[in-house]
Structure formats: C-alpha cells, structure tokens
Amino acid sequence: MNYQVVIPAAGQGKRMGAGKNKLLIPLDGLPVISHTLQVFLSDPNCSRIILAINPDEEKFFSSMVKDLQAEKRITFAAGGTERQYSIHNALRTADPEGIVLVHDGARPFIRREVIDRLVVQAEKMGAAITAVPVKDTIKKAVNMEVSETIERSSLWSVQTPQAFRISLLMEAYETAESEGFLGTDDASLVERIGAPVSIVEGHYDNIKLTTPEDLYFAEAILKNKG
Ligand code: CTP
Ligand code: MG
C-alpha cells in the first residue's frame, strides 16, 4: 500500500545542546537524518518523501540527498518556528490523495514492519499512531504533591510515525491553524476534530534523539542491530 511521508527536520535541537541541528550529528559515520531517510528510501511502498528543513541548512540537506541518490524521491518544504508549522508547510506540498505518514527526523530506528502495519491500519481507520505501553507508574502532581495515580494499563507512550488519510489530516491542520491550537503530536489535532485514532504497538527502541544521553542509547541500538 503506497504512502507518502512528511519528515520534519527543521528543529534546532536545543535540548541536545550540540550547538547545531541534532539531525546533523553523525551516528556510525552518517548524519542522524540519513539513517531515518534510508528506512523510507528502502521501502518500495514509500512513493515520496517531503523533508521540512530550515532554509539556512539547505546546502547541507541538498548535498546529503545527492549522496543518497534520492533527488527524485525527496522534495523540500520550508520549516517553520514550531514543529506543527513545519509539518503544515510540508503537507501543503503533498499529493492530496491517499495516506500520509508523519515521522520525526530524530527517530532513526523505526522499523519497516511497524510502518507496514501502521499504513494498513490508517487505510482502515483514517488515523493510526505508533505507541508502546508505558513502563513507569505515572502520577499527577500539583506543587510537588501527588494528586492522582493514573491507571497504567490504559497509558501509552506515543511515538512517530503517525499515519492518516491526508484529507483528514489537512482538515485537522487547517482547523488547528484557524483556532490557534498548537498540539504536541499530529494525532492530537485529529482527535480534537472528533475523528477516531487507532494505536499500533511499536518498539521501545524507536527512540527520539532528544537529550545528550540519547546518543549513548543510539550507539547501543545500532550495535545491537549489528
Ligand atoms: N522540528 C521541525 N521544525 C521545528 C521544530 C522541530 O521540523 N520548528 C522537527 C525536528 O527537527 C525533529 C522533530 O521535529 O526531527 C521533533 O522535534 P524535537 O525532537 O523537539 O527536535 P528539536 O525541536 O530540534 O529539539 P528541541 O526541542 O530540543 O530544540
Ligand atoms: Mg522541539
């Protein structure tokens, strides 16, 4: 089942503290973003990749796409000041039919097998997200005093990719924009227009490289993949 994918890559990586976009940090000799792109470039069902980038970094990304020999499948869109704006800009340049995935450039360890299951579910339901069961006990607190322990069996830790019928996702993005709503993931925009979102269970190693210690975990995951 064919799909296109939007990959936001226009962040600043502030929490990583590398003084540059964390997607440019090398992992096993290749920038983080190249690892992410290779998963989709090697998937015959992925018809198109739209990369939202900071225009100041266009030189880097253009030469990387050339190195990957992927000029035909990867197009660029201008990133915005928030992840949501970057994705919205990219969606405006997407084909208006079929399934679209949104996947963080900072999650290089996504597996094809999860993408396959996610796309099937999005075709069926309109919207599907990758998630893993929460391992920790989660408590709610007010001023450092616990107010509630939330039943863990109902909690999921949400990742990307998230997959949608593109018409549904566009409607959700347009509504969020006109109402000035900023969400922390794409599905939250779809949820607020009342559409159902399914969960597809993924893997704990699909980490998002966010803070410096995530680079140690990344090395370990790569080593384990061998
Ligand atoms: N992203 C983007 N445009 C933005 C902000 C983020 O395209 N304005 C992208 C990032 O490049 C990343 C993904 O969205 O691939 C997830 O965001 P996050 O992990 O928060 O990355 P950064 O925003 O770069 O990091 P930080 O929040 O620590 O600055
Ligand atoms: Mg961010």
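Placed above this text is the structure.
Residues numbered from 1 in each chain as written. Chains lettered and ligands numbered in written order. Predicted model: local features only at pLDDT ≥ 70, side-chain atom pairs only at ≥ 80, totals over all residues. Heavy atoms only, no water.

Chemist: Teacher, can you tell me more about helix α4 (residues 112-125) here?
Modeler: Along an α-helix, residues three or four positions apart point the same way, because every turn accommodates 3.6 residues. Spanning 14 residues, α4 covers 20 Å between terminal C-alpha atoms, matching the ideal 20 Å at 1.5 Å per step. Listing the buried residues of α4 in full gives V114, I115, L118, V119, Q121 and A122. Where α4 is buried, its residues meet β1 (3-8), α1 (32-41), β6 (99-102), β7 (127-133), β10 (156-165) and β11 (198-201). Immediately beyond the C-terminal end of α4, within one or two residues, lies G126, with a positive phi of roughly 100°. (Helix = DSSP H or I, 4+ residues; strand = E, 2+ residues; numbered from the N terminus. Expected span 1.5 Å × (residues − 1). Buried < 20%, exposed > 50% of the residue type's maximum accessible area, 1.4 Å probe, protein only. Contact = heavy atoms within 4.5 Å.)

Chemist: Would you take a moment to explain empty space enclosed by the protein for this structure?
Modeler: One simple way to see leftover space: roll a probe sized like a water molecule over the atoms. Within the structure shown, the criterion is met by 1 cavity of 30 Å³ or more. Empty space within the largest cavity amounts to approximately 30 Å³. In terms of lining, the largest cavity is formed by F109, I110, R111, V114, T130, Q159, G202, H203, D205 and N206. Each residue belonging to the lining of the largest cavity can be placed in one class, and the counts come to 3 nonpolar, 5 polar and 2 charged. (1 Å grid on protein atoms, 1.4 Å probe; cavity = no way out; pocket = protein on both sides within 12 Å on 5 of 7 lines; lining within 4 Å. Points joined across faces, edges and corners; volume = space filled by probe spheres on them. Nonpolar A, V, L, I, M, F, W, Y, C, P; charged D, E, K, R; others polar.)

Chemist: Teacher, can you tell me more about the pattern of salt bridges here?
Modeler: It is possible for side chains bearing opposite charge to pair when their charged atoms get close. Scanning all chains against the criterion turns up 9 salt bridges. Measuring nitrogen to oxygen at the nearest pair gives 2.5 Å for the salt bridge that ties R117 to E113. Of the two residues, R117 and E113 both sit in helix α4, 4 residues apart, roughly one turn of that helix. Three or more residues joined by partner-sharing salt bridges are found here, namely R83, D104, R107 and D186. (Salt bridge = Lys/Arg side-chain N within 4 Å of Asp/Glu carboxyl O.)

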